[in-house]
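# Summary of structural features
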Amino acid sequence: MDSALLDGLLLALQPINLLAAVVGVLLGVVFGAIPGLTATLGVALLVPVTFVLEPATGMIMLTGVYAGAIYAGAITAILLRIPGTPASIPTTWDGYPLTQQGKPRLALGSAALASGIGGLVSGIALLTLSPLLAGLALSFGAVEYVALVLFGLIVVVFLLEGSLLHSCAGVLVGVGLGLVGLDPAQGFARYSFGQFELTAGLGVVPVLIGAFCITEAVRLARTSRTTYRPGGSVSMTPGRRVPSLRELRSNGWNLTRSSAIGVGLGILPAVGPETTPFISYAAARRFSKRKDLYGKGSLEGLMAAESSNNANVGGSLIPTLALGIPGSAVAAVFLGALTLQGLRPGPLLFVEQPVLVYAIFSGFMLVNLFMLIGGILFVRQFAVVLRLPHAALATAVAFFSVIGAFAIGSNIFNVWVMFGAGVLTALLLAARIPLAPVVLGLILGPLLETNLVRALAASQGDWTVFLQRPISLTILLVALCVVVFVCVGRVRRRLADPQKVTEPAPH
Amino acid sequence: MAEQGDGVGSSATAGSVRGRVSPSVLAGAVLAAGFAILTVTTLDFPEASRGYPLVVLGVGSVLFACVAVQNRKAAPSEAVDEHGSGRDPRVAGFLVIWVLYPVALIAIGFIVSTAVALSASLLLLRVKRPLVWVVGVVPVTFLVFALLQVVLNIALPQTPLDRSVADFLYGLRG
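### Description of the overall build of chain A
When helices and strands are tallied, chain A shows 22 helices and two strands. Counting only residues that meet the buried cut, chain A has 61% of its 507 residues in that class. Here the contacts in chain A between residues at least 6 apart in sequence split such that 78% fall between residues at least 24 apart. Surface accessibility of chain A: about 18500 Å² in total, with carbon and sulfur atoms responsible for 68%.

### Re the overall build of chain B
For chain B, the count of helices and strands is six helices and two strands. Secondary structure elements of chain B occur, N-terminal to C-terminal, as β-β-α-α-α-α-α-α. Looking at chain B alone, contacts between residues at least 24 apart form 54% of all its contacts between residues at least 6 apart. For chain B, the accessible area works out to roughly 9500 Å², and carbon and sulfur atoms hold 69% of it.

### As for a nonpolar patch on the surface
Nonpolar side chains collect at one region of the surface, where A:W416, B:V96, B:V99, B:L100 and B:V103 lie side by side and expose about 420 Å² of accessible area between them. Within the element layout of this structure, B:V103 appears in helix α3 (residues 89-108).

### Examining the interface of chain A and chain B
Facing 66 residues of chain A, the contacting portion of chain B comprises 68 residues. Summing the contributions of chain A and of chain B, the shared interface buries around 5800 Å²; its carbon and sulfur component is 74%. Per element, the largest residue contribution to the side of chain A that touches chain B is 10 residues, and it comes from helix α18 (residues 390-407) of chain A. Residue composition of the side of chain A that touches chain B, grouped by class: 45 nonpolar, 12 polar and nine charged.

### Focus: the nonpolar core
Counting residues in each nonpolar core, the largest one holds 163 residues, and the members touching the most others are B:F64, B:W98, B:Y101 and B:F110. When residues in this core are grouped by element, the largest group, 13 residues, is from helix α7 (residues 142-159) of chain A. Once residues lying within four places of it in the same chain are set aside, the contact partners of B:F64 are A:A169, A:V173, A:L428, A:I433, B:G28, B:L31, B:A32 and B:F35. Among the nonpolar cores identified, the runner-up in size contains 29 residues, and A:A12, A:V29, A:A33 and A:Y71 belong to it.

### Some details on the environment of A:R454
Residue placement: A:R454 occurs in helix α20 (residues 435-458). Along the chain, A:R454 and A:F364 lie 90 residues apart, while their C-alpha atoms are 35 Å from each other.

### Details of unusual backbone geometry
Residue and element names in this part refer to chain A. In this structure, F193 is a non-glycine residue whose phi angle is positive, near 50 degrees. Within the secondary structure layout, F193 lies in the loop between β2 (189-190) and α9 (204-222). Located in the positive-phi region is R432, a residue other than glycine, with phi close to 65 degrees. Looking at the secondary structure, you find R432 in the loop between α19 (413-430) and α20.

### Re the side chain of A:E449
Examined against the element boundaries, A:E449 turns out to sit in helix α20. Looking at A:E449, the relative accessible area reads 5%, which means it is buried. Excluding residues that lie within four positions of it along the chain, A:E449 makes contacts with A:L179, A:D183, A:P184, A:R190 and B:Y52.

### Description of the packing of aromatic side chains
For any pair of aromatic rings, the description rests on two quantities: the centre-to-centre distance and the angle between the ring planes. Applying the stated criterion across every chain, the model contains 18 aromatic pairs over all chains. Of the aromatic side chains, those joined through ring pairs into one cluster are A:F399, A:F400, B:W98, B:Y101, B:F110 and B:F145.

### So, the packing of α7(A) against α20(A)
Residue and element names in this part refer to chain A. The geometry of α7 relative to α20 is characterised by a closest axis approach of 8 Å and an angle of 160 degrees between their N-to-C directions. With respect to their mutual orientation, α7 and α20 come out roughly antiparallel. Relative to α20, α7 is oriented so that their crossing is left-handed. In this structure, α7 uses A142, V143, Y145, V146, V149, L150, G152, L153 and V156 to contact α20, whose residues at the interface are A436, P437, L440, G441, L444, L447, L448, N451, L452, R454 and A455. When its residues are assigned to classes, the contact of α7 with α20 shows 16 nonpolar, three polar and one charged.

### Comments concerning the confidence of the model for chain B
Residue and element names in this part refer to chain B. For chain B, the mean per-residue pLDDT works out to 81, and 80% of the residues sit at or above 70. Confidence drops under pLDDT 50 across residues 79-85; counting only partners more than four residues distant or on other chains, this segment forms nine contacts. The complex prediction reports pTM at 0.80, with the ipTM value standing at 0.84.

### As for the pattern of salt bridges
Residue and element names in this part refer to chain A. The full count for this structure, using the stated rule, is five salt bridges over all chains. The closest approach of N and O atoms between R190 and E449, which form a salt bridge, is 2.8 Å. In this pair, R190 is assigned in strand β2 and E449 in helix α20, connecting sequence segments 259 residues apart. Judged by its relative accessible area of 1%, R190 falls in the buried class. The shortest N-O distance in the salt bridge between D292 and R290 comes to 2.9 Å.

### Describing α20(A)
Residue and element names in this part refer to chain A. The end-to-end C-alpha distance of α20, which contains 24 residues, comes to 34 Å, matching closely the 34 Å that a straight helix rising 1.5 Å per residue would cover. Its maximal kink placed at L444, α20 deviates by approximately 40 degrees, while the proline P446 follows within four residues. α20 sits mainly inside the fold: 17 of its 24 residues count as buried. Within two residues after α20, Q460 carries a phi angle of roughly 55 degrees, on the positive side.

### Some remarks on the side chain of A:S307
Residue and element names in this part refer to chain A. Mapped onto the elements, S307 comes out in helix α13 (residues 299-323). When its relative accessible area of 0% is taken as the criterion, S307 is described as buried. The residues touching S307, leaving out its near neighbours within four places in the chain, are A114, S115, G118, L255, S258 and S259.

Cut-offs and rules
Residues numbered from 1 in each chain as written. Chains lettered and ligands numbered in written order. Predicted model: local features only at pLDDT ≥ 70, side-chain atom pairs only at ≥ 80, totals over all residues. Heavy atoms only, no water. Helix = DSSP H or I, 4+ residues; strand = E, 2+ residues; numbered from the N terminus. Buried < 20%, exposed > 50% of the residue type's maximum accessible area, 1.4 Å probe, protein only. Contact = heavy atoms within 4.5 Å. Areas by Shrake-Rupley, 256 points an atom, 1.4 Å probe, with all protein chains shown as cover. Patch = residues over 30% accessible without salt bridge, like charges linked within 9 Å, V, L, I, M, F, W, Y side chains within 5 Å. Salt bridge = Lys/Arg side-chain N within 4 Å of Asp/Glu carboxyl O. Buried area = accessible area lost by both parts, 1.4 Å probe. Nonpolar A, V, L, I, M, F, W, Y, C, P; charged D, E, K, R; others polar. Core = buried A, V, L, I, M, F, W, Y, C linked by side-chain atoms within 4.5 Å. Phe/Tyr/Trp six-rings, centres within 6.5 Å; stacked < 30°, edge-to-face > 60°. Axes fitted to C-alpha atoms, helices over the stretch in contact; angles between N-to-C directions. Parallel < 35°, antiparallel > 145°, perpendicular 65-115°, else oblique. Left-handed = near helix turned anticlockwise from the far one by under 90°. pLDDT = per-residue confidence, 0-100. Expected span 1.5 Å × (residues − 1). Bend = angle between axes of the 7 residues up to and from the residue.

In structure tokens, the structure reads:
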């Protein structure tokens, strides 16, 4: 492992990979800073580009986009009280008041610092926990994988806020999409409609581009007429860019706790960077000695939110790389990129490609370092992206979506798959089905079916095998605990407030 | 994913407004019907291949029927289309451009189809200073072509014009 770690670090430090890290962060900042564009959109659009790059270069660039986008949502959150990404909603609560107090540079610098620290902490977790998890998973067989996939699907349904019914339905849409192609048991071609391309199944990447990119292009086109314009120019009154040493010391425990929350929740499917900052903000407020400042320009609150959402990025990559089970919707797209490269995310990746794995880890650390430095020094330049009109953005997103889908195998069929996925997504959003369960169902569905077939073949049709194997039984019991815990919580909330009806989360 | 609660309500007429079926109910019903049709098709599968899809699609059709019912009971005011563009012809036009773009890509090559599609899209969406943007589309198209074809080696559909430009760029690269 030591030589793989060193070789991976050296690979990440090659000029092309350093350039990929910087480019990735810059592109991520564009996607994160502009309200309406998201990290998922940015990563999904760039996946086809990584197809033609070396695996390490492509993956490092994607981690840069992911981390940069999650951080950059803070820019508009602080300057305009408009979160650039959903992960930056809590940042508006204290970031914008700081701007109103004439401290935009301090707010932005603190956000960059906290994001960088959260990201670096999660990078350390990624480096240490992933190999351990992968090592454990090497002993997993088909039975354990079925239990693990079921755990992932159950967690995404029960931990996502909103209607359980809608989340369940979303999972089944994703699993249903995974039915297209050859049946793993008999090799029977399902729903191929005579198209040879469909016998291999629907490509995950074109579907994700259709779901996240084309729909956003249409939404941007709809808003092109009534484009929001930041009122006047964004003014940056002079002032210090970073917190003082005293402020940093007093936030040491805050940053540690928030980063740990981000990493811990990132490991769970469905709890992406959009949810984490709310929890860490609430925790920071609870333990704070200056609760009165929260909502009025508390650096503590701002840094809690920003460190946790970036810590979630690395956390979500832990199960993605170690188990092949994505920890968030963006991580699911990341997983699609790995598959596109012909790599198998999961424990075998650590055995077959250890240098690549450690290059990705090292690249992730470098990405967070660049983001921290860039965020402190160049934030005024980053804010320029706010001036791009929605008409141009809609056009650019649509163009790169089509070309991106085409670029995968230079096949026009993938473009039609992408448009089909876009239509389906529009239907799902209209029906108020959240997309996170759909994405996880799409990724995990084929894994579930393949391993289910293998497990039942080995046990000669005996379903009790899932309860007989200790690891499988443990995973299923943990899943059951999650279900019980969530259901009890919902019942308590409903009893406490009978007027509140659980509404489906639209996205 | 971000939460956007739609509020609270349980009006008996929630799912329909003045006799019209709300989009969320209709979408749920369409998905339920789609799942039901696909469930029926699984009966034609070989027996050994039938079980898993039958369960997934069958349960899906039931769940989506329930989704349609729950959406009907949800808050009476569906999200107001604040942009007033539910049936905006420009959005429809935008979609038509980009659906036709892949067809044009194959027929007339990357450079011409891309320049036309980008210009048409920007003009349709009424970008400010359209002349500047349309003129800017030309160098951008060539730049993107160079990036995709020459730098990233993505095989793009080519006509003689595209091939000439590609040969020129390869010559520059040496």
